[in-house]
Amino acid sequence: IIRGAPIFWRDIHVGQNTDWMRLCLTHLANTQIPANVFFHDESKPCEKLSLLHQYPIALRALALPVFDKDWYIALEALLCQHNGIENLSIRGWGLRDSNLTLTTERFPALETLTLVGYTPPANRALCSNLRTLTLSYCVWRATFVEFLSFLADCTRLEALHLQEIWRGITEIPPISQDPVA
């Protein structure tokens, strides 16, 4: 029963070995069921992401374990084929800037964005489509007013998770001890 039901193969967790990924993609090929691919190992990004090109699948979620030059090159090629990604998670420890531009043109269906150690998106149109935003350990240089303006642009946001982002935020107003009227 499971073998013949593609829905059981849509969440694909990939470690060093890609055999499981190949098996899942084979079962999802030529179906209308979108795949959720979670990479847990940093090795061989080009080989792993190129597997997604070999199978006619829809890609809904993509999680990258680390974002460096090798992952960037592999992801660029993938984005030409898959622009229906709704959920993107990038771990870019220590990346201050990247050539990956998070825009609505590249991610028109994006609703959930998780960035760990990565610069938050500057594209305000992308922010307006997000329903869930998670920013952790982000390298973000902005004033408090700019931060609030960024959040104001997230007009569809239903969930916001912030962790350790305050170090780069400047001009934070002092906390008042007076009760708010």
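If you're wondering where the values come from, they're calculated on a predicted model, not measured in any experiment.

*Asks:* Where do I start with the environment of Tyr137 in this structure?
*Replies:* Assignment of secondary structure puts Tyr137 in the loop between strand S6 (132-136) and strand S7 (142-143). The exposure class of Tyr137 is partly exposed, given its relative accessible area of 36%. Taking the C-alpha atoms as reference, Tyr137 lies 5.4 Å from Ile165; in sequence the two are 28 residues apart.

*Asks:* It is not clear to me how the packing of aromatic side chains should be interpreted in this structure. Could you clarify?
*Replies:* The relation between two aromatic rings is expressed through the spacing of the ring centres and the mutual angle of the planes. Counted by the stated rule, this structure contains three aromatic pairs. Joined through ring pairs, the aromatic side chains of Phe144, Phe147 and Trp166 make up one cluster.

*Asks:* Sorry, what's going on with the pattern of salt bridges here?
*Replies:* Pairing of side chains with opposite charge becomes possible as their charged atoms draw close. The final tally for this structure, using the stated rule, is four salt bridges. With its nearest N and O atoms 3.8 Å apart, the salt bridge here joins Arg131 to Glu111. Within this pair, whereas Arg131 is found in the loop between helix H4 (124-129) and S6, its partner Glu111 is found in the loop between strand S4 (87-91) and strand S5 (112-116), the two being separated by 20 residues in sequence. A residue is classified by how much of its surface remains accessible, and Arg131, at 28% relative accessible area, is partly exposed. What makes Glu111 partly exposed here is its relative accessible area of 28%. Here Arg131 and Glu158 are joined by a salt bridge, their closest N and O atoms 2.5 Å apart. Here Arg131 is found in the loop between H4 and S6, whereas its partner Glu158 is found in the loop between helix H5 (144-152) and strand S8 (159-163), with 27 residues between them in sequence. Because the salt bridges share partners, they merge into one network encompassing Glu111, Arg131 and Glu158.

*Asks:* Please clarify how the pairing of S4 should be interpreted in this entry.
*Replies:* Looking along a regular strand, one sees side chains alternate from face to face of the sheet. Two elements, strand S3 (residues 59-64) and S4, share four bridges in a ladder whose sense is parallel. Across the sheet, residue Leu62 finds its bridge partner in S4, namely Leu88. Across five bridges, the pairing between S4 and S5 is parallel. From the neighbouring strand, Ile90 faces S5, where its bridge partner is Leu115.

*Asks:* Help me out: how do you make sense of the packing of helix H1 (residues 19-28) against helix H2 (residues 45-53) in this one?
*Replies:* Angle between the axes and distance between the axes: these two values describe a pair of packed helices. At a minimum axis separation of 10 Å, H1 and H2 run at an interaxial angle of 10 degrees. Relative to H2, the element H1 lies roughly parallel. In contact with Met21, Arg22 and Leu25 of H1, H2 contributes Lys48, Leu51 and Leu52. Here the residues of the contact of H1 with H2 are counted per class, giving four nonpolar, no polar and two charged.

*Asks:* Just to check I follow, could you spell out the side chain of Thr103 for this structure?
*Replies:* Tracing the sequence through the fold places Thr103 in the loop between S4 and S5. For Thr103, a relative accessible area of 9% puts it in the buried group. Each residue touching Thr103, except ones within four places of it in the same chain, is listed here: Asn123 and Leu126.

*Asks:* How do you make sense of H2 when you look at a structure like this?
*Replies:* Helical geometry: 3.6 residues make up each α-helical turn, so side chains three or four residues apart lie on a common side. If you check which residues of H2 are buried, you get Pro45, Lys48, Leu49, Leu51 and Leu52. Along H2, the residues classed as buried sweep out an arc of 140 degrees about the axis, all on the same side. Looking at the packing, one finds that the buried side of H2 touches strand S1 (11-14), H1, strand S2 (35-39), S3 and helix H3 (69-81).

*Asks:* Please explain the sheet that holds S2 as it appears in this structure.
*Replies:* Strands pair in a sheet through their backbones, by hydrogen bonds, and they do so in one of two ways: parallel or antiparallel. Here seven strands make up an open sheet; going across it, the order is S1-S2-S3-S4-S5-S6-S8 and the pairing parallel. Single-partner strands in this sheet number two, and they are S1 and S8. Adjacent strand axes in the sheet meet at a mean angle of 5 degrees when their direction is disregarded. With five bridges connecting them, S5 and S6 associate as parallel partners.

Conventions adopted
- Residues numbered from 1 in each chain as written.
- Predicted model: local features only at pLDDT ≥ 70, side-chain atom pairs only at ≥ 80, totals over all residues.
- Heavy atoms only, no water.
- Helix = DSSP H or I, 4+ residues; strand = E, 2+ residues; numbered from the N terminus.
- Buried < 20%, exposed > 50% of the residue type's maximum accessible area, 1.4 Å probe, protein only.
- Phe/Tyr/Trp six-rings, centres within 6.5 Å; stacked < 30°, edge-to-face > 60°.
- Salt bridge = Lys/Arg side-chain N within 4 Å of Asp/Glu carboxyl O.
- Pairing = 2+ DSSP bridges.
- Axes fitted to C-alpha atoms, helices over the stretch in contact; angles between N-to-C directions.
- Parallel < 35°, antiparallel > 145°, perpendicular 65-115°, else oblique.
- Contact = heavy atoms within 4.5 Å.
- Nonpolar A, V, L, I, M, F, W, Y, C, P; charged D, E, K, R; others polar.
- Arc of directions from axis to C-beta.

None of the figures reported here should be taken as evidence of function without further support.
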